[in-house]
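Per-entry structural report
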Amino acid sequence: MDKILLIRLSSLGDIVLTTPAIRAVRAHFPQAYIAMLVAKQSADVLLQNPHLNEIIQFNRFAKDKDTGEMLRIIRILRQRRFALTFDFQRKFRTELLMYFSGATERVGKGRLCTIRVPKQGNQHATESYFDLLHAAGIMAENRELEMFLSKSERTDACYVFEEAGVSEMQLKVGLFPGAGWKLREWMPDRFASIGDKLVEKFDAQVIIFGGPKEGALVRSVANLMQHPAILFAGNLQIRQLAACIEKCDLFLTNDTGPMHIAAAVGTPTIALFGPGDHIRFQPLGESNTVIRHDVACSPCKQFTEKCKDNICMKQITVDEVWDSICQILDRQRISM
């Protein structure tokens, strides 16, 4: 098993959640050549991961992704002559890629796998990945997420903050009001209310982050605040965002990819869950908190637009979020 391929083509947060499995494979095969096939749009999150020898990028948005891009990737995989492959995606496309790679041992869900591992009910995504490893005789228990930032990337984050007027001496709280799905978003006025409370009680610097398409949302939250905030909307690459989140003392976010990045870089995180599956995707770590309410229709079908009232997010109140923030920040002050 001198050449091993891991496959996960999905979104940013899903890739971050594979890092405990990557680490476990490396621990079991310390001398192996380990490559990971990931979506091009999320590949940067794995840069500098010492457990990987290669990152192979699949362009999920290529015009010919069903033919040309598939054939391009298959040629690359066959050239590498992998012996063992793991399909963390467990979809027909990734099963085909695994099969046509020519690997003799293929661990996944479908009929093209040599080791078939059915899903074990609703469990955290990291546990689902570990099930595949266990079936191949690989021990895996530590679910700690990892993201490896360089000294220069951390230095660059200091410069970015300094240019934006962020003081090193003040408390820094990051807000992420966006999400990959509109129904996962907590209300902008409630984020704004939390931001004002942070300034008034803790003299905090409120830093509002957003993705490339979330500029209007970030500005909306800032405009609803009575106090000024510092905005980063769409002007940070993935690794810059991670380095900036790492510098925050606390991160308040919806259920979205940066939530897992925050957990991976060790920033205490409060995650607001509504339609998403908190059992599968809650941020890992003792310093992280999930706020949600039991609603009969939650979790619901991913990316549906049929919901009319978004009651699962509306039931999360400013007061309960504020209480969680105060508890975390008070603990931090006591431990300092």
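This text follows the structure it describes.
Residues numbered from 1 in each chain as written. Predicted model: local features only at pLDDT ≥ 70, side-chain atom pairs only at ≥ 80, totals over all residues. Heavy atoms only, no water.

**Here we look at the overall build of the protein chain**
Inclusion rule: Helix and strand definitions here come from DSSP, where helices need a minimum of 4 consecutive H or I residues and strands a minimum of 2 consecutive E residues; each element is numbered from the N-terminal end. The globule rule used here is 2.2 Å times the number of residues to the 0.38 power, and the radius of gyration it is set against is calculated over C-alpha atoms. A simple rule labels every residue: compare its accessible area, found with a 1.4 Å probe on the protein chains alone, to the largest value its type can have, and call it buried under 20%, exposed over 50%, or partly exposed in between. Any two residues having at least one pair of non-hydrogen atoms within 4.5 Å are treated as being in contact. With residues, only the protein chains shown are counted as cover, and all accessible areas are computed by Shrake-Rupley using a 1.4 Å probe. Positive charge is attributed to Lys and Arg, negative charge to Asp and Glu, and no charge count is given to His or to the chain ends. Charge coordinates come from a single atom per side chain, which is NZ of Lys, CZ of Arg, CG of Asp or CD of Glu.
A count of helices and strands for the protein chain gives 13 helices and 12 strands. For 336 residues, the compact-globule estimate of 2.2 N^0.38 gives 20 Å, and the protein chain sits close to it at 21 Å. Considered along the principal axes of its C-alpha atoms, the protein chain spans approximately 60 × 45 × 40 Å. A burial count over the protein chain gives 55% of its 336 residues as buried. In the protein chain, the share of contacts with a sequence separation of at least 24, taken over all contacts with a separation of at least 6, comes to 62%. Put simply, the protein chain shows about 15,700 Å² of open surface, and 50% of that area lies on carbon and sulfur atoms. A distance of 9 Å separates the average location of the 42 positive side-chain charges in the protein chain from that of its 38 negative side-chain charges.

**Concerning the sheet that holds strand β1 (residues 3-8)**
The condition is simple: Pairing between strands is defined by DSSP: at least two bridges between the two strands are required.
One open sheet holds the 6 strands; their spatial order is β3-β2-β1-β4-β5-β6, and the pairing between them is parallel. Only two strands of the sheet have a single neighbouring strand rather than two, namely β3 (54-58) and β6 (115-116). Relative to strand β4 (residues 84-87), β1 runs parallel, the two sharing 4 bridges. Each bridged residue has a counterpart across the sheet, and for Leu-5 the counterpart in β4 is Thr-85.

**Points about the packing of helix α6 (residues 151-164) against helix α9 (residues 238-246)**
Test applied: Only C-alpha atoms enter the line fits that serve as axes; for helices the fit covers just the stretch in contact. Angles between N-to-C directions range over 0 to 180 degrees. The labels follow the angle: roughly parallel below 35 degrees, roughly antiparallel above 145, roughly perpendicular from 65 to 115, and oblique for the rest.
Following both chains from N to C, one finds α6 and α9 inclined at 75°, their axes separated by 9 Å at the closest point. Taken as axis vectors, α6 and α9 run roughly perpendicular relative to one another. Here Glu-153, Arg-154, Ala-157, Val-160 and Phe-161 of α6 lie close against α9, whose contacting residues are Arg-239, Ala-243, Cys-244 and Glu-246.

**Some remarks on the pairing of strand β7 (residues 172-176)**
Quick reminder of the rule: The definition of a right-handed crossover adopted here requires that, viewed with the strands pointing away, the path from the first strand over the helix to the second runs clockwise.
For β7, the buried fraction is high: 5 of the 5 residues fall into the buried class. Burial along β7 is two-sided: the face carrying Lys-172, Gly-174 and Phe-176 and the face carrying Val-173 and Leu-175 are both buried. In this sheet, strand β8 (residues 205-210) lies alongside β7 in parallel orientation, the contact comprising 4 bridges. Bridge pairing in β8 links Leu-175 to Ile-208. The parallel pair β7 and β8 is bridged by helix α7 (residues 188-202), and the resulting crossover is right-handed.

**Observations regarding the pattern of salt bridges**
When their charged atoms lie close together, side chains carrying opposite charge are able to pair. Worth spelling out the cut-off: Salt bridges are defined as contacts in which a side-chain nitrogen from Lys or Arg sits within 4 Å of a carboxyl oxygen from Asp or Glu.
Taken as a whole, this structure holds 12 salt bridges when the rule is applied. Glu-168 is paired through a salt bridge with Lys-247; the nearest N and O atoms lie 2.7 Å apart. Of this pair, Glu-168 sits in the loop between α6 and β7 while Lys-247 is found in the loop between α9 and β10 (250-254), placing the two residues 79 residues apart along the sequence.

**Notes on the packing of aromatic side chains**
Within a pair of aromatic rings, the relevant descriptors are the distance that separates the centres and the angle that separates the planes. We count it as follows: Only the six-membered ring of Trp is used, alongside the rings of Phe and Tyr, when aromatic pairs are assigned; centres must lie within 6.5 Å, and planes under 30 degrees apart are stacked while those over 60 apart are edge-to-face, with the rest tilted. For a lysine, the NZ atom is tested; for an arginine, the CZ atom; a charge sits over a ring if that atom is within 6 Å of the ring centre and within 35 degrees of the ring normal.
Going through the model one piece at a time under the given rule, you end up with 9 aromatic pairs. With a centroid separation of 6.3 Å and an interplanar angle of 20°, the aromatic rings of Phe-86 and Phe-88 are classed as stacked. Considered together, Phe-86 and Phe-88 belong to a single accessibility category, that of buried residues. Ring geometry for Phe-209 versus Phe-251: centroids 6.2 Å apart, planes at 55°, classification tilted. In this pair, Phe-209 is assigned in strand β8 and Phe-251 in strand β10, connecting sequence segments 42 residues apart. Residue class for Phe-251 comes out buried when judged on its relative accessible area of 0%. Among the aromatic residues, those joined into a ring-pair cluster are Phe-161, Phe-176, Phe-209, Phe-232 and Phe-251. Over the ring of Tyr-33 we find Lys-3, and its NZ or CZ is 5.7 Å from the ring centre.

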